[in-house]
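A look at the structure
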Amino acid sequence: MSLSGSSSDKIYLWATAGLVTLSLILVFESSKRQSLTPDESNHFYCGLEWWQKGSYTVWPENPVLSRAVVGLGAYLQGYEPSRFTVQRDSATVMENFLNAYDLVYFEQGVAEDQIFWIRIFVLPMFLLSILIVWYWSVRLSGYSGAFLAVGIYATLPIIMAHSGLATTDVTFVACFTLLMWTFFRWLPRPSPRRSIAFAAGLAMAVLAKYSVLPFFAIAGAIALIFYLTKELKSEQPTTPFLSKRRLWSVLMILFLMIGIVWAFHGFSIGRIENEPIIKTGIATGEIDPALKGIVLPAPEWFAGLELLLWHNRLGHVAYSLGEISFEGFWYFYPLAWLTKTPWPFLLLALAGTAGAWWPPLKSRSWEVQALTIIPIAMTISVMTSTINIGLRHILVVYPLGAVGISAGFMELLKVLPDRYGQIKKFLAPAFVVWQLVIAIAAFPNYLAYFNAFAGGEPGKVLLDSDLDWGQGLIELSEFSKANDIDTLHLAYFGYTNDCFYDLPVIRHLPPDKVVSGWVAVSALNYWGVFEGEIIPDGDCQVLSFKFDPPEKPHSRYRWLDQYELKTRAGGSIRVYHVP
């Protein structure tokens, strides 16, 4: 992939490098301004167990690799918990889950520095996903198409938000993008080198998140259909699909993939029923005892899968358009995609898909066509999910979509008449600049970003990790200092400690309690989905939420509507002054 020597290619290459650098800086700086979100103290704790003990038992609902990424910083700092959570047969699975958190780590030094260490290693995973998007796009649409693809992907607020948090989502995005890229390369030419790369990509995705199973089944099937269709139409097929070479390649891929996954679990072998959390679930009747007697390699991986299936059966409180459900909303993910994706990406998705499919275009690529269909199919596949807690669960549609629609858009530009030459030259960069301006304007509160479709009150549309994930305490602290606030009545959604952020004196604000003075209410509390609580912790207080959502959202904090909204700290915590 050498440069053609043309000045335009070099300009696009340097422009892409500059854009990526700016995106990384924005993510890094915005990450330092987000307070601890609820899942982070669980993810890093589980990953730390793997680094320190070589075991993975605390709460394996997510595979080990994505947790290891966020646990690495604490491990390098030498942090050692007094003990890792011991599963108790007498407790429910949910009670054991609530014990699988650790706030003590953040008390070992300056809390903001500790938070930095559990988040920083997600940034290289973000960069990895960008590099794959760039490399893939260069091959499909040249350096100008790669600039467009990287530009609309690396400046997506939803991607930038989660690239700065110690969660599992962006690691999976990187691993799944790697998987699909290696699979697309392997399909036409299953050489040993490409087979090894595909096996590594598959193993990393399997180790990053269980959603690889349905997602790859769908995305892989679509890619295979498009490839075979192209081969049937071709007069000179590349490699017979059912050849001995391909069969041996598949066997090698499976062997290597299983070996890598097994190695991450220390080549363990055992019964699923002996994994602590599964043993607890069987004892309490929450997990089917039919699992008894099954012996498998890497039983921790299978225990985590069963835990995820248990979670899916149990359901999870979800909110959308003023309604609460424990079974999910069929329209949740399309709605989230439509309201949290910037206009440039949405418009390019339409134009790029047209470019990939428009009949007059003779150079249509099976890869580009597949990449415009895969994100749609993956979104449709999760419409029956009972866990609707954030667009973050399908972030993988963005890098794949960026590659496909950018290539399609560049094809579309080719059929524009020559009299539009100047427009053709600057149209793609204009879309990138437009989205970059949106990203800069949204800084640092990328998590709370919504486009105009959501209106002035996005909390009416979506909440949870799409808007309010407890990320606003740092800005709340800054606002309190700027306004000389010494006491603050707070209803908070999250799980953290008030001493981490140099907040004023905090008083709990229950629903319906009318107070005077300064009041702060998280969006999830304001819209009546959760109630907060404050738990004494020595000289400090644990700020948390009660997991007892109502069947319908209440309006018991809406008495605040008669007062002026002073600010939204972190884009999520509403602050008022009540005379």
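Residues numbered from 1 in each chain as written. Predicted model: local features only at pLDDT ≥ 70, side-chain atom pairs only at ≥ 80, totals over all residues. Heavy atoms only, no water.

1. Digging into the sheet that holds strand β10 (residues 540-546)
The condition is simple: Two strands qualify as a pair provided that DSSP identifies no fewer than 2 bridges between them. Numbering of helices and strands runs from the N terminus, with a helix taken as a DSSP run of H or I at least four residues long and a strand as a DSSP run of E at least two residues long.
Sheet architecture is open: 3 strands sit in the order β6-β10-β9, paired in antiparallel fashion. One side of each edge strand has no neighbouring strand; the edge strands of this open sheet are β6 (496-497) and β9 (531-537). Pairing of β9 with β10, which is carried by 7 bridges, proceeds in the antiparallel orientation. Bridged to Asp 537 within β10 is Cys 540.

2. Describing the sheet that holds strand β7 (residues 505-508)
To be explicit about the condition: Axes here mean lines fitted to C-alpha atoms, for a helix over just the part in contact, with angles spanning 0 to 180 degrees between N-to-C directions. Contacts: residue pairs with any heavy atoms within 4.5 Å of one another.
An order of β7-β5-β8-β12-β11 is seen for the 5 strands of this open sheet, with the pairing classed as mixed. The open sheet has two edge strands, β7 and β11 (565-569), and neither has a second partner. Going from strand to strand, the sheet's axes swing by 30 degrees on average, the running direction of each strand aside. The sheet contact formed by strand β5 (residues 487-491) and strand β8 (residues 517-522) spans 4 bridges and is parallel. Residue pairing across strands places Leu 488 opposite Trp 518, the latter belonging to β8. Helix α19 (residues 473-482) contacts β5, β8, β11 and β12 (573-578) of the sheet and is inclined by roughly 140 degrees relative to β11.

3. Some points on the packing of helix α16 (residues 366-381) against helix α17 (residues 397-414)
Put simply, the rule is: Left-handed describes a crossing whose near helix is turned anticlockwise from the far helix through less than a right angle; right-handed describes the clockwise counterpart. Gly counts as polar in this scheme, as do all residues outside two lists: the nonpolar Ala, Val, Leu, Ile, Met, Phe, Trp, Tyr, Cys and Pro, and the charged Asp, Glu, Lys and Arg.
Axis separation between α16 and α17 bottoms out at 8 Å; the angle between their running directions is 145 degrees. Of the two possible hands of crossing, α16 and α17 adopt the one that is left-handed. Between α16, through Val 368, Leu 371, Thr 372, Ile 374, Pro 375, Met 378 and Thr 379, and α17, the contact on the second element is made entirely by Val 397, Leu 400, Gly 401, Val 403, Gly 404, Ile 405, Ala 407 and Gly 408. Across the contact of α16 with α17, the residue classes break down as 10 nonpolar, 5 polar and no charged.

4. Considerations on the state of the cysteines
Test applied: Note on terminology: pairs of cysteine sulfur atoms within 2.5 Å are recorded as disulfides. For every residue, the accessible area obtained with a 1.4 Å probe (protein chains only) is divided by the maximum for its type, and the residue is called buried under 20%, exposed over 50%, and partly exposed between those limits.
Enumeration over the complete set of coordinates arrives at 1 disulfide. Linked covalently through their sulfurs, Cys 499 and Cys 540 form a disulfide whose S-S length is 1.9 Å. The disulfide joining Cys 499 to Cys 540 has a torsion of about -100 degrees about its S-S bond and is therefore left-handed. Taken together, the residues Cys 499 in the loop between β6 and β7 and Cys 540 in strand β10 connect sequence positions 41 residues apart. Residue classification places Cys 499 among the partly exposed residues on the basis of a relative accessible area of 42%. We note that Cys 46 lacks a disulfide partner, and the nearest cysteine sulfur, in Cys 175, lies 18 Å from it. Given a relative accessible area of 0%, Cys 175 falls into the buried group.

5. What to know about a nonpolar patch on the surface
Selection rule: Residues form patches when they are more than 30% accessible in relative terms and have no salt bridge. Like charges link within 9 Å. Nonpolar side chains (Val, Leu, Ile, Met, Phe, Trp, Tyr) link within 5 Å. Areas reported as accessible are Shrake-Rupley estimates using a 1.4 Å probe. Residue values count occlusion only from the protein chains shown. Just to be clear on terms, a salt bridge is a Lys or Arg side-chain nitrogen sitting within 4 Å of an Asp or Glu carboxyl oxygen.
The grouping of Leu 338, Trp 343, Leu 347, Leu 350, Trp 434 and Phe 453 at the surface amounts to a nonpolar patch, some 570 Å² of accessible area in total. Among the elements that take part in the nonpolar patch, helix α15 (residues 343-357) stands out by supplying 3 residues, more than any other. Residue position: Leu 338 is located in helix α14 (residues 332-340). Since its relative accessible area comes to 37%, Leu 338 is described here as partly exposed.

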